[in-house]
Structures are given as C-alpha cells and as structure tokens.
Amino acid sequence: MFKSISIGSASGAIRVLPVFKDLVLPSAWRSISGVAEAIKAPGFKGDLGEVSPAGSKAILLGLGDAAKSKPSVLRRFGSRLAAVLERMGAGAASLEIPTTGLASRDPKEFGRAVAEGMLLGPWRIEGYDGKATERTAPSGSLRITSPDRLVLEGLADGLLVAESVNYARFLQSTPPNVAHPQWMASQARALARRLRLKARVIDFAEARRLGMGGLVNVGMGSTQKPCLIILEHVPRGAAKAPHLAFVGKTLTYDTGGYSLKVNNGMKGMKFDKSGGCAVLGAIRAIAESRLPVRVTAVLPAAENMVAGDSFRPDDVISFMNGVTCEVTNTDAEGRLVLADALCFTCERIKPDAIVDLATLTGGVVVALGSHCAGYFCEDAELTRRIEGAADRSGEKVWRLPLWEEHRGLMRSRIADIVNSGAKRGAHPIQGAAFLSFFVKPGMPWAHVDIAGVSDDEGHELFGSGATGYGVRLLLELARSYADRAVTSRARGRSPQRPRRG
Ligand code: BES
Ligand code: ZN
Ligand code: ZN
C-alpha cells in the first residue's frame, strides 16, 4: 500500500493505458514503444485488472467489458492499478483515457472512480500489528496525473473524497478499548483544529443539566462517560448559505446493556459508531472542498455497557424535549441517544434540513441486506435530493414507509412511548417512528439506517471490515445544496447590479 497518493506529474511517470476486452487501442497509443507487442501478449484478454507491460514506461491494464463500464467497476480497476504500480515500485503515473465506455461519456467520473478505487481498495487499518506479524507497512508515495483535463479534475476529486472515506474507516475500525466517547471527541477536536471548524463538546454533567435523559442513561453504565460532539463548517457568506445538520449514532460499543446481546451477536459492535464516523468523514470532505453550505455535525457518543448503575428495562426516562419513554429493551439504545441529539439539533441548531445516519436495527439487514441502506423521509424535496446523491455517489438507498400508524406502534401504557414496540414486526420502521417524536413538525428530516452497509465481509472493493458508507452520500447531498446556494446567490445579485450606460 502506498503511504500517500497525490496529484502531480514527475519525469519517468508510467503511462497507464486502460484497455477494454475488444482490445481496440486509440491510434495515438500505437506509436508508444512496446504497445504493439503488449496488446498481443499471450493470454492478455483485457479482462478487468489484467496487466500487460509495454516496455518499461507503460502498462496496458484491462478494463473488462466496455458495455459494463460503470463507476463500481472502475473503482476495482483503480484498486488493481494501485497494487500494480506499487509492485513496480512506481513513483508517478499518468492515466490515459480510453475512447469508449464511461471514460469517453464522462471523463471526470472516470477519473474520480479510478482515484477512489486507488485509495479505497488497498486501505487497511494500521497500528495494531504486533511482533508476530510480518507485513510491510505502507511506504512510498505516488503522484498521479492525466493528459486529459477532465480526467485530472476527476482524479483530484476522487482522492479528496476517498481520503475522507478512509478517515471514517479508520475511526470505525479503531477497537472499542481505544475508541471510547472521549476518544471520539478528541478526534473530532483534532479535525476541527486542522480544518478550522467550530467545535463544542457537551460533557456528561452538561448533558444531565440539559435534560438529555437518553444520552445520559445509555452511557451511564460505562466508566467512559457519554458526550455530545458538535462540529460546524461555516462557509463564507454563511448567512445566506443553506444549513444542513448531519446527526450520527456514535455507540463506541453496544453490548446490548442488560438486554444483553447473545450468541456472539455482540461481535462487530465496534461498528455501532459508524453513523458518527461517516458524519465526521463527510464534514471533513465538505470543509476541505470549501463547499458553500453550512454543515453542522452532531454526534451523540456513548458506550452501552452492563454495570451497577446501568439503565434497565422498565426504567422510565425523559428527553430534552420533555417526551418520556418506558425502556422496554436496553439494546434499542441508538434511538435513545439520537432522540436527544435530534432535539438539540431542532432546538439549538435550527438547520434547514436534518439527515441522521445510524446502525439502528438488525431488522434492516434482514430486510435489505448489504447492498443498500434503508431510509425514511416524508419530505418530497429532501427525498429527491437523497435519491440523487445516492445515484451520484453509488451509495445506494431504498426508501421505507413511515406513517402515523407506525408511530402508534410506539405508544406506552406508563409513559409517552416505548423504545421497542410490543409487536415483533417492522423493526426498522419502529426505529424511525420512535425518532420522529424528536423532530419538530415541519422540519425536513431523513433517517438512514446503515446497519447493513457500514461494514462488510468480502466486499468487492472494501474486502472485510469498515466501508465508510455515508461519507460520499452526505457529501453529494451537501453538493446538491451548494448548487442551490450558488444559483440562488447569483439570481439574488443580478437585479442589484448597477446598470451600465
Ligand atoms: N446496534 C444495533 C443494531 C445492529 C444490529 C447493527 C446488527 C448492526 C448489526 C442496535 O442497537 C440494536 O441492538 N437494535 C436492536 C433493536 C431491537 C432491540 C428493537 C435490533 O435490531 O435487534
Ligand atoms: Zn443495541
Ligand atoms: Zn446499537
């Protein structure tokens, strides 16, 4: 794995010539030394990832079937490219553009997908190999460029995005004996310092004073006390910029509490902080690209543990907005911490729209598997933007219903609501219905249940472990508002422009 990949050219750069299965080469490549031989090399068929060296200065790299050329395939191509260049000991490479497939239709998208693959495919968490492992640490740096201006723009964007995805994956993968709520807060503070974001952390005592009974009760049984982490990206001209709030479930570990997880259901629950990690990754990419959108990240961080002072089933707790809840299951804890985070966001942040990301239910994994997240949104414009962002980012979503009837499932006999309904059905919807009690009426809001997509086993690009799902989705969503900010500002300005002559 390269230690770093950045944009830039250098003498001696390897020319990378992507070739489809039809083995048709752009005529300009035929004059490159060694290409005529490389294309005829025995066994080279142009299959995805297949490599054929053309002399010592160029390689042909298979792109597979032109008709199947799409970003997910190009990311795998990029992943393979990084591995090949590393084996060659290359320090620089130049990506040429094939004449058919997605590259010719959308060169920027081509560059972006290849760059994403180059960083996302080889990534793995560092720092936990001990003396008994012999693995070479990441080393060397690669500079990548392209003779095509749009491909180059795409490469630069792909690297920026993928670095933030890998940052989220690093946070997600960090083990729970390291990554406790305070660790998340210190990571967020460090990010804020580097990117000049505003940062605020509401500690346990203040959360208590603010009446955040959800966050306080869920996190109380851990020696590592809970906190609410708030970061804000304030662009220039913020007063007119659209304002989005991203809320991320940040359970640094979920044992289930007294409703303890059984049959090894606890394994992998370090990934229960994935919502918050994706939100941090997204705000990082948004700030780095100086998007003209105001974005506030809100992370309720807690560890759900068993102890003498843990909350228990049958407790009644109350939240920041005065709603009360009968705890029927301490394992339905994500919605409890999110409840206070949503209240805080509506009451104090007052954004134009809220999107929460949460590994909320096993039920969404049963319903939808690992190829898409399930989401809930009753606002037409936000729904349209989320669908668009999912299309552009490749992070797929599928909308599920949230009706008044579902809110009825959550009524309690002793308090306002229960945190897990008496009926077994519709678990992902129950989660969303519960959360809806904490969002002010009229506030555009979407809840994205990422339990099935935040980590994977044997993913075609990510392999096993954290995927950083949500970073690209939220970034694309924010970009859709940035377009609105730019167009509405331009529209607003034109009548005031002094007339000439
Ligand atoms: N963190 C889990 C959800 C989860 C399950 C994420 C599997 C990833 C993989 C959540 O806190 C939880 O335990 N949910 C319960 C809710 C139930 C008790 C209402 C669930 O889904 O079983
Ligand atoms: Zn749980
Ligand atoms: Zn959980």
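Details of the structure are given in the entry above.
So, a few notes on the structure that sits alongside this text. Counting restarts for each chain, with residues numbered from 1 along the sequence as it is written. Chain labels run from A onward and ligand labels from 1 onward, assigned in the order the entries are written. Where local features are concerned, this predicted model is filtered to residues with pLDDT of at least 70; where side-chain atom pairs are given and counted, the filter is 80 or more; whole-chain, interface and lining totals use all residues. The basis for the side-chain values is all heavy atoms of the structure; hydrogens and waters are excluded.

## Considering the coordination of the zinc ion (ligand 2)
What counts here: Donor atoms: N, O and S within 2.8 Å of the metal, or within 3.2 Å for Na, K and Ca. Because water is excluded, sites can look incomplete. In this scheme the shape depends on donor count and angles: four donors with every angle between 85 and 135 degrees give tetrahedral, four or six donors with opposite pairs above 155 degrees and others between 65 and 115 give square planar or octahedral in turn, and any other case is irregular. Counting from the N terminus, the helices are DSSP H or I runs at least four residues long and the strands are E runs at least two residues long.
Protein coordination at the zinc ion (ligand 2) comes from Asp 254 (OD), Asp 331 (O), Asp 331 (OD) and Glu 333 (OE), with a distance range of 2.0 to 2.2 Å. Coordination at the zinc ion (ligand 2) is irregular, judged from the six donor atoms that bind it and the angles of 71 to 166° they form at the metal. Sequence spacing of the donors to the zinc ion (ligand 2): D-x76-D-x1-E. Between the two metal centres, the zinc ion (ligand 2) and the zinc ion (ligand 3), the spacing is 3.2 Å, with Asp 254 acting as a shared donor. With Asp 254 in strand E10 (residues 250–254) and Asp 331 in the loop between strand E13 (324–326) and helix H10 (334–349), this pair connects stretches of sequence that are 77 residues apart.

## Structural notes on a nonpolar patch on the surface
Applicable threshold: Residues form patches when they are more than 30% accessible in relative terms and have no salt bridge. Like charges link within 9 Å. Nonpolar side chains (Val, Leu, Ile, Met, Phe, Trp, Tyr) link within 5 Å. Working definition of accessibility: Shrake-Rupley area with a 1.4 Å probe, residue cover restricted to the visible protein chains. Salt bridges are defined as contacts in which a side-chain nitrogen from Lys or Arg sits within 4 Å of a carboxyl oxygen from Asp or Glu.
Taken together, the side chains of Tyr 258, Leu 260 and Val 306 define a hydrophobic patch exposed on the protein surface, amounting to about 280 Å² of accessible area. By the element assignment, Val 306 lies in the loop between strand E11 (294–304) and strand E12 (316–318).

## Things to note about helix H14 (residues 427–436)
To keep things clear, this is the line we draw: A 1.4 Å probe rolled over the protein chains alone gives each residue an accessible area, and that area as a share of the maximum for its type sets the label: buried under 20%, exposed over 50%, partly exposed in between.
In terms of residue burial, H14 counts as a mostly covered element, since nine of its ten residues are buried. Taken together, the buried positions of H14 are Pro 428, Ile 429, Gln 430, Gly 431, Ala 432, Ala 433, Phe 434, Leu 435 and Ser 436.

## Quick word on empty space enclosed by the protein
Going by this rule: Lining residues are defined by having an atom within 4 Å of a point belonging to a cavity or pocket. Those points lie on a 1 Å grid over the protein atoms alone, cavities being sets where a 1.4 Å probe fits but cannot get out and pockets being open sets with protein on both sides within 12 Å along at least five of seven lines. Grid points are joined across faces, edges and corners, and a volume is the space filled by probe spheres set on the points. For this scheme, ten residues count as nonpolar: Ala, Val, Leu, Ile, Met, Phe, Trp, Tyr, Cys and Pro. Four count as charged, namely Asp, Glu, Lys and Arg, and the remainder, Gly too, count as polar. For each domain, the first and last residues come from an automatic or database assignment.
If you walk through the whole model with that rule in mind, you get two cavities of 30 Å³ or more. Of the voids in this model, the largest cavity is the one considered here, and its volume is about 70 Å³. Only helix H4 (107–120), helix H12 (380–393) and helix H15 (471–493) provide two or more residues apiece to the lining of the largest cavity. Per-element tally for the lining of the largest cavity: the top contributor is H15, with four residues. Residues that form the lining of the largest cavity fall into these classes: two nonpolar, one polar and eight charged. Among the domains, domain 1 (4–122) and domain 2 (165–490) are the pair contributing at least three residues each to the lining of the largest cavity. Of the voids in this model, the second largest cavity is the one considered here, and its volume is about 30 Å³.

## Notes on the side chain of Ser 454
Note the cut-off: For this analysis, residues touch if any pair of their heavy atoms sits within 4.5 Å.
Note that Ser 454 resides in the loop between strand E18 (445–449) and strand E19 (455–459). Exposure remark for Ser 454: the relative accessible area of 1% places this residue in the buried category. Every residue in contact with Ser 454, bar those within four places of it in the chain, is listed here: Gln 172, Phe 271, Ser 274, Thr 359, Gly 465, Ala 466, Thr 467, Gly 468 and Tyr 469.

## Quick notes on the pairing of strand E9 (residues 243–248)
Where a strand is regular, its side chains alternate between the two sheet faces. How we decide: Here, a strand pair is defined by DSSP locating no fewer than two bridges between the strands.
Counting buried residues in E9 gives six out of six residues, a clear majority hidden from the surface. With burial as the criterion, each face of E9 is covered, one bearing His 243, Ala 245 and Val 247 and the other bearing Leu 244, Phe 246 and Gly 248. Relative to E11, E9 runs parallel, the two sharing five bridges. Directly across from Ala 245, in E11, lies its bridge partner Thr 296. With five bridges connecting them, E9 and strand E14 (residues 353–358) associate as parallel partners. If you follow Gly 248 over to E14, its bridge partner there is Leu 357.

## Details of the coordination of the zinc ion (ligand 3)
The zinc ion (ligand 3) binds to the protein through Lys 249 (NZ), Asp 254 (OD), Asp 272 (OD) and Glu 333 (OE), with metal-donor distances spanning 2.0 to 2.4 Å. Given six donor atoms and angles of 76 to 173° at the metal, the environment of the zinc ion (ligand 3) is assigned as octahedral. Each donor residue of the zinc ion (ligand 3) belongs to the same chain, and together they define the spacing K-x4-D-x17-D-x60-E. Exposure remark for Glu 333: the relative accessible area of 1% places this residue in the buried category.

## Brief notes about the layout of surface pockets
What the largest pocket holds in volume is close to 1000 Å³. Contributing to the lining of the largest pocket are 37 residues, with Lys 261, Gly 265, Lys 267, Met 269 and Ala 451 lying nearest its centre. Where the lining of the largest pocket is concerned, the elements lending two or more residues are E10, helix H11 (362–368), H14, E19 and strand E20 (463–466). For the lining of the largest pocket, the residue count by class is nine nonpolar, 16 polar and twelve charged. Ser 72, Arg 75, Gly 394, Glu 395 and Lys 396 are the residues nearest the centre of the second largest pocket, which is lined by 28 residues in total. Counting residues per element, the ones that place at least two in the lining of the second largest pocket are helix H2 (71–88), H12 and E19. When residues in the lining of the second largest pocket are grouped by element, the largest group, five residues, is from H12.

## Re the packing of aromatic side chains
Our working definition: Here is the rule: rings of Phe, Tyr and Trp (six-membered ring for Trp) pair when centre to centre is within 6.5 Å. Planes less than 30 degrees apart are stacked, more than 60 are edge-to-face, and the remainder are tilted. Put simply, a charge is over a ring when the Lys NZ or the Arg CZ is close to the ring centre, within 6 Å, and near the line of the ring normal, within 35 degrees.
Applying the stated criterion across every chain, the model contains four aromatic pairs. Here Phe 319 and Phe 434 contribute two aromatic rings whose centre-to-centre distance is 6.2 Å and whose plane-to-plane angle is 75°, an arrangement assigned as edge-to-face. With Phe 319 in the loop between E12 and E13 and Phe 434 in helix H14, the pair connects residues that are 115 residues apart, well separated along the chain. These aromatic residues form a ring-pair network of at least three members: Phe 319, Phe 434 and Phe 438. Positioned above the aromatic ring of Phe 204, the side-chain terminus of Lys 225 is 5.8 Å from the ring centre. Taking NZ or CZ as reference, Arg 407 lies 4.2 Å from the ring centre of Phe 437, over its face.

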